[in-house]
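# Close look at the chain arrangement
Given next are the chains, with one letter for each unit.
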Amino acid sequence: KYQGLTPWEIWLSEAQERMVLAVPPQKLDDLLELCTIEEVEASILGTFSNDQRLLVSYHGQVVANLDMHFLHKGNPTRTMDAHWTRPADPNSKAPQISTQFSQALTGSFGPALLAILRHPNVASKEAVVRRYDHEVQGATVLKPLVGRSGNGPGDAAALQPILAEQSVKGIILSNGVNPLYGKIDAYHMATNAIDEALRNLTAVGGNIEHAAILDNFCWGNPNDPAQLGTLVRAVKGCYDAASGFGTPFISGKDSLNNEYRTEGHRVPVLPTLVISAVGVIEDASRTVDMALKTPGNLLYLIGPTSNELAGSYYGEVVDQDSFDHLFANTAVPHVNVARARSTMKVLGEAIRAGLVRSCHDLSEGGLALAAAEMSLAGQLGINLDISHITSSDTPALSSEALNIVRLFSESPSRFLVEVTPEQLGAFEKYLRTNAIKDTIYIGAVTNAPRFVVYDGEQELMNLSVAEIQEAWKGDLA
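Residues numbered from 1 in each chain as written. Predicted model: local features only at pLDDT ≥ 70, side-chain atom pairs only at ≥ 80, totals over all residues. Heavy atoms only, no water.

## Some points on the overall build of the protein
- Counting secondary structure elements, the protein contains 16 helices and 19 strands.
- Relative to its 477 residues, the protein shows a buried fraction of 45%.
- Pairs at least 24 apart in sequence give 78% of the contacts found in the protein among residues at least 6 apart.
- As displayed, the protein has an accessible area near 25,300 Å², and 52% of this comes from carbon and sulfur atoms.
- Seen as two clouds, the 36 positive and the 54 negative side-chain charges of the protein have centres 2 Å apart. (Helix = DSSP H or I, 4+ residues; strand = E, 2+ residues; numbered from the N terminus. Buried < 20%, exposed > 50% of the residue type's maximum accessible area, 1.4 Å probe, protein only. Contact = heavy atoms within 4.5 Å. Areas by Shrake-Rupley, 256 points an atom, 1.4 Å probe, with all protein chains shown as cover. Lys, Arg positive; Asp, Glu negative; His and termini not counted. Charge placed at Lys NZ, Arg CZ, Asp CG, Glu CD.)

## Concerning the pattern of salt bridges
- Evaluation of the coordinates by the stated rule reveals 12 salt bridges.
- Glutamate 126 is paired through a salt bridge with arginine 130; the nearest N and O atoms lie 3.2 Å apart.
- A relative accessible area of 14% places glutamate 126 in the buried class.
- You can call arginine 130 partly exposed: its relative accessible area is 46%. (Salt bridge = Lys/Arg side-chain N within 4 Å of Asp/Glu carboxyl O.)

## As for the environment of serine 399
- By secondary structure assignment, the location of serine 399 is in helix H14 (residues 399–408).
- By relative accessible area, which is 46% here, serine 399 ends up partly exposed.
- Here the alpha-carbon distance between serine 399 and proline 449, two residues 50 residues apart in the chain, equals 28 Å.

## A look at the packing of aromatic side chains
- In the structure shown here, the tally under the stated rule is six aromatic pairs.
- For the ring pair tyrosine 314 and phenylalanine 323, a centre distance of 6.3 Å and an interplane angle of 55° mean the geometry is tilted.
- Look at tyrosine 314 and you get buried, because its relative accessible area is 0%.
- Classification of phenylalanine 323 by relative accessible area gives buried; the value is 6%.
- Note on phenylalanine 323 and phenylalanine 327: the rings are 5.4 Å apart at their centroids and 40° apart in plane angle, and the pair reads as tilted. The exposure classification of phenylalanine 323 matches that of phenylalanine 327, with both residues buried.
- One aromatic cluster in this structure is built from Tyr314, Phe323, Phe327 and Phe408. (Phe/Tyr/Trp six-rings, centres within 6.5 Å; stacked < 30°, edge-to-face > 60°.)

## Topic: the sheet that holds strand S3 (residues 140–142)
- Taking strand neighbours across the sheet as the criterion, the six strands line up as S3-S6-S7-S12-S8-S9 in an open arrangement whose pairing is mixed. Each edge of the open sheet carries a strand with a single partner, namely S3 and strand S9 (249–255). Ignoring strand direction, the axes of neighbouring strands in this sheet form an average angle of 20°.
- Set on the sheet, helix H8 (residues 186–203) makes contact with strand S7 (170–176), strand S8 (211–218), S9 and strand S12 (272–281); between it and S12 the angle comes to about 30°. (Pairing = 2+ DSSP bridges. Axes fitted to C-alpha atoms, helices over the stretch in contact; angles between N-to-C directions.)

## Digging into the sheet that holds strand S17 (residues 439–446)
- Ordered by their spatial adjacency, seven strands build an open sheet running S14-S16-S13-S17-S15-S18-S19, and the pairing between neighbours is mixed. If you trace the sheet from one side to the other, it starts and ends with strand S14 (358–361) and strand S19 (458–464), each paired once. Sheet twist, expressed as the mean angle between neighbouring strand axes with direction ignored, is 20°.
- On top of the sheet, helix H12 (residues 337–352) reaches strand S13 (298–302), S14 and strand S16 (415–419); it is set at about 25° to S16, its chief contact.
- This element, H14, spans strand S18 (450–455) and S19 of the sheet and lies at about 40° to S19.

## Considering the pairing of S7
- Side chains Gly170, Ile172, Ser174 and Gly176 project from S7 onto a buried face, and the interleaved Ile171, Leu173 and Asn175 project onto a face without burial.
- As paired elements, strand S6 (residues 157–159) and S7 share three bridges and run antiparallel to each other. Each residue of the ladder has a partner; that of leucine 159, found in S7, is isoleucine 171.
- Relative to S12, S7 is paired through seven bridges, and the arrangement is antiparallel. Residue isoleucine 172 lies in a different strand from S12, and its bridge partner there is glycine 279.

## Some words on the pairing of strand S1 (residues 53–58)
- Two elements, S1 and strand S2 (residues 61–67), share six bridges in a ladder whose sense is antiparallel. Paired with serine 57 across the strands is valine 62, a residue of S2.

## A closer look at helix H13 (residues 366–378)
- Taking 1.5 Å per residue, 13 residues should reach 18 Å; H13 reaches 19 Å between its end C-alpha atoms and fits that length.
- Summarising burial for H13: 13 of the 13 residues are buried, a large majority. (Expected span 1.5 Å × (residues − 1).)

## With respect to the confidence of the model for the protein
- On average, residues of the protein score 91 in pLDDT, and 95% of them reach the 70 mark or higher.
- This model gives residues 90–99 a pLDDT under 50, and the stretch forms 11 contacts once residues within four places in sequence are excluded. (pLDDT = per-residue confidence, 0-100.)

Written out as structure tokens, the structure reads:
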């Protein structure tokens, strides 16, 4: 890349966008021809030998000659200290709920949803998305922004490469991230990030059995035992989730020592892990997006809802003291990997079979935000009744607090699905036959441009789609 590099600089350089390939001699000319066509620089480095040594030369001069055993085993391993303290058990302290705290939160479902829509991590990124050409070569089947006006937040992108040999196969790309969970436990941040990346892939019709994942760690100084402790927790979460889903890590990137200085102290960044997923779909035309399609269609919630509001965006936008008192025993979302994998496998099959009109994963902001995003993308209204959403871990909550859990819990592995009345029987039978039990009918798509939520006869939220869009898009609305 640069002129004048010494041999050791060439050998140890960590410049990116490079790969080393092992190529059979009879295939070498084909590879070099392909590289020439694509204007990719390719260099022949050498050959494998049988002498168990690494021999490196530079213009005829030997600059490295190492025994292979020493190369791999001779370097002494480094021992580092990693400390992590488990957060206090939320069930160890009884919640002190008072009427004033309950009223402070439960009387404001609509404003809370609008506040989440305005949150910088949630609000529209259209200004950034439009700045880049995401339709290079015209291969984009599902764009980052979807819906009637092309402004809804899609779950994943789908590409159908234009090849000399025609194919209907497509590639799906998705992501998962929530650093707020890392404030509590980086292990669950990691498992949730993997779950989110894979459920985003599933939501558009992807097959998690034909998927792989990548990691991107952004962390503080690993020489700090506390920082290394959280990093170890995150890596363990990555291992457990990837093993459970049967989804391999094929690459990744680590960015460590990220700190900033304030008031004379060095402060680490919030530990953050981004998981990217990539998968193959046999027919790119079988994908769906998250925008509502037709008034009269039915809406189903798939996946169990629990009292998992720790690290949630609802907790970010409401009065913190009130939240802490009302939800003293809430938890950070926990991923049941076996159940999540089964749900994603079956739902992906249902989408590819044409049983689903639209689908959106539930992540930050929970059910309320997912439904609002589907509404603004399709520019259609919604009537929801959440009274049938139950949870085994919420018996001690008041009815008002239970509705907060129903609306804003960020329990993982959940989806909001739009189904036509004609496909209702086939859809329910398919899920039932494949042992997917956590399926609840919660409402319908309407032509009236209003987002309305009930708990039985009690109205909890009544917003116009225009209000929702304005909150999410800000000045771009």
